[in-house]
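Chain by chain, the residues:
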Amino acid sequence: MSAANVTPVSAPAPLDVVAIRREFPVLSTSVHGKPLCYLDNAASSQRPQRVIDAVSNYYETTHANVHRGVHLLSQQATDLFEGAREKLRRFVNARSTREVIFVRGTTEAINLVAQSYARPRLRSGDEILISWLEHHANIVPWQMVCEQTGARLRVIPMTRAGEVDFAAFKELLTDRTRLLALTHVSNALGTIVPVQRFIAEARRRSVPVLLDGAQAAPHLEVDVQALDCDFYCFSGHKMCGPTGIGVLYGRESLLAAMPPWQGGGDMILAVSFERTIYNDLPFKFEAGTPHIAGAIGLGAAVDYLQAIGLDRIADLEHDLLEYATARLAAVPGLEIVGTAPRKAAVVSFTMQGIHPHDLGTILDSEGVAIRTGHHCAMPVMEFYGVPATARASFAFYNTRAEIDRLVDALALAREVLG
Amino acid sequence: MDLSELYRDVIVDHNRNPRNFRPMPAADCHAEGFNPLCGDRLTLFVKLDGDRISDVSFQGSGCAISVASASLLTESVRGRTIPEAERLFATMHALLTRNDATVDVAALGKLGALSGVREFPARVKCASLCWHTLDAALHRQSEPVRTE
């Protein structure tokens, strides 16, 4: 059975990982003469043939600009593009496609909210609340808004295990708080933040909530209505989709009241030198020709993920996480950084006496691709007092055998560097 | 890809036992080097006797390549004049970055052990950080060194 035939069933059957892997061309390639062992999925996932095909078929047969021409190709391209938007709406269970804005990725989504929602509203004395776990993309845009408005950035502390300190959050949530911007899953540590508790608390004080879902959307079922968040941001390339495309979900009442972020074509209804009438949602926030192929590819990616089933993906990745955690914990001198009870399939670690960058190079020589460095989360590194960590991050197409290769390569690193 | 080209015995040794790894309270100049991408961080101290480097030491943390490179640097520039050290910097830069470099590796002595780094583009900055830091230290020698 090929993965193309996998459909959700009421009693989920175990995934056929061999068939799934066959759909990812890159997984059968070699690096340095060794089969690729790709364990850097939190940085970017790989994509299956059907996503690659969706993009290339579009360019080969259907490409034209969208929302413009009366000719057939333009109409077909528009249908594909808007069809993708509907797929993404379903993927996060938004109420309407007016709430689904295509952006370049999570970073752009957060910047859009920072500049269009926060900047016009914030005054000196107001506060934005983020957590210590955030990726730089959920720190810097808020620092910029604070500089622009005189508002103050407050940071919810983290615990030694790598969780966001809920008690401290309740203390920091005050009448001055204007926005809570929180990660759903930590990219550096894998912590799954129990965001619903935070959202419920924020809601009691009418504080809107933005969730950085870059690491969550590929691994968990995301339902923005059940979460009751106001903004949800995620990137296509971390979930088997193309690079350069992502989604900002926004609550319609908030989006409607926000000014456009960028001006140009597509975001207008009428332009004269005296006055411009902005287009309706979601187009108001999509100035210029969008990444049409990217959106279509991302639509194919969410079709793929949903055909497998996010619950089965989560189960498989959890199994990989448990196996990897047990095997890595047994490696002499290895310390796992981030030990929250609920984690996505990410293991950040250090090795006594071996710098993460040397690990990265030595593992690479064995075909094992991991991320080393600060993972764009320098405050998290500072919290643990390390300049960097090594991070192995798994996707549903990874196997226990690959984790064995990781552990073997770590033994080689010990051999080389002592 | 040959790991032993990168992690030669000399490099492994200097990483495990870095030479001149100490602060220098009476330094004439010092500079800090930081590679934000990987978190390598070092401080290089220089003591001058006229324009001759009479002592050089470093502190910091980093990967094996950056620590070994800094350790080798301290051994190789001590006793040299500033112009000599700067010529050596240029030679090392060529050794680390230029594939067509006609550097006489044998003449470099132990520093020649770093010639394998060239084949690992992601690691070139690790090896060159200390040399850029030395350059910065020598050019700011008029600045007073704070000795707490």
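Residues numbered from 1 in each chain as written. Chains lettered and ligands numbered in written order. Predicted model: local features only at pLDDT ≥ 70, side-chain atom pairs only at ≥ 80, totals over all residues.

Points about the domain arrangement of chain A
Residue and element names in this part refer to chain A.
Then comes step 1: If you check the domain split of chain A, you get domain 1 (53–306) and domain 2 (309–417).
Then comes step 2: Distance from the C-alpha centre of domain 1 to the C-alpha centre of domain 2: 29 Å.
Then comes step 3: In this complex, domain 1 contributes 21 residues to the contact, which on the side of domain 2 involves 22 residues.
Then comes step 4: Grouping the amino acids of the side of domain 1 that touches domain 2 by side-chain chemistry returns 10 nonpolar, 9 polar and 2 charged. (Domains from an automatic or database assignment. Contact = placed C-beta atoms within 7 Å. Nonpolar A, V, L, I, M, F, W, Y, C, P; charged D, E, K, R; others polar.)

Observations regarding the sheet that holds strand S17 (residues 389–393) of chain A
All names here are of chain A.
Then comes step 1: Taken in spatial order, the 4 strands of this open sheet run S13-S14-S17-S16, and their pairing is antiparallel. In the strand order of this sheet, the two ends are held by strand S13 (334–337) and strand S16 (371–373), each with one partner. Across the sheet, the axes of successive neighbouring strands diverge by a mean angle of 30°, strand direction being ignored.
Then comes step 2: As paired strands, S16 and S17 are joined by 3 bridges and run antiparallel to one another. Bridge pairing in S17 links Arg371 to Arg391.
Then comes step 3: Strand contacts of helix H12 (residues 356–365): strand S14 (346–351), S16 and S17, with the helix running at about 155° to S16, the strand carrying the most contacts. (Pairing = 2+ DSSP bridges. Helix = DSSP H or I, 4+ residues; strand = E, 2+ residues; numbered from the N terminus. Axes fitted to C-alpha atoms, helices over the stretch in contact; angles between N-to-C directions.)

A short note on the environment of Val67(B)
All names here are of chain B.
Then comes step 1: Considering the arrangement of structural elements, one finds Val67 in helix H3 (residues 64–77).
Then comes step 2: Owing to 26 C-beta atoms within 10 Å, Val67 belongs among the buried residues under this scheme.
Then comes step 3: Sequence separation between Val67 and Cys126 is 59 residues, and the spatial gap between their C-alpha atoms is 8.5 Å. (Buried ≥ 20, exposed ≤ 12 C-beta atoms within 10 Å, placed from the backbone.)

Structural notes on the interface of chain A and chain B
Then comes step 1: In this complex, chain A contributes 14 residues to the contact, which on the side of chain B involves 17 residues.
Then comes step 2: Secondary-structure elements contributing two or more residues to the side of chain A that touches chain B are H12 and helix H14 (400–417) of chain A.
Then comes step 3: Among the elements that line the side of chain A that touches chain B, the one with the most residues is H12(A), at 5 residues.

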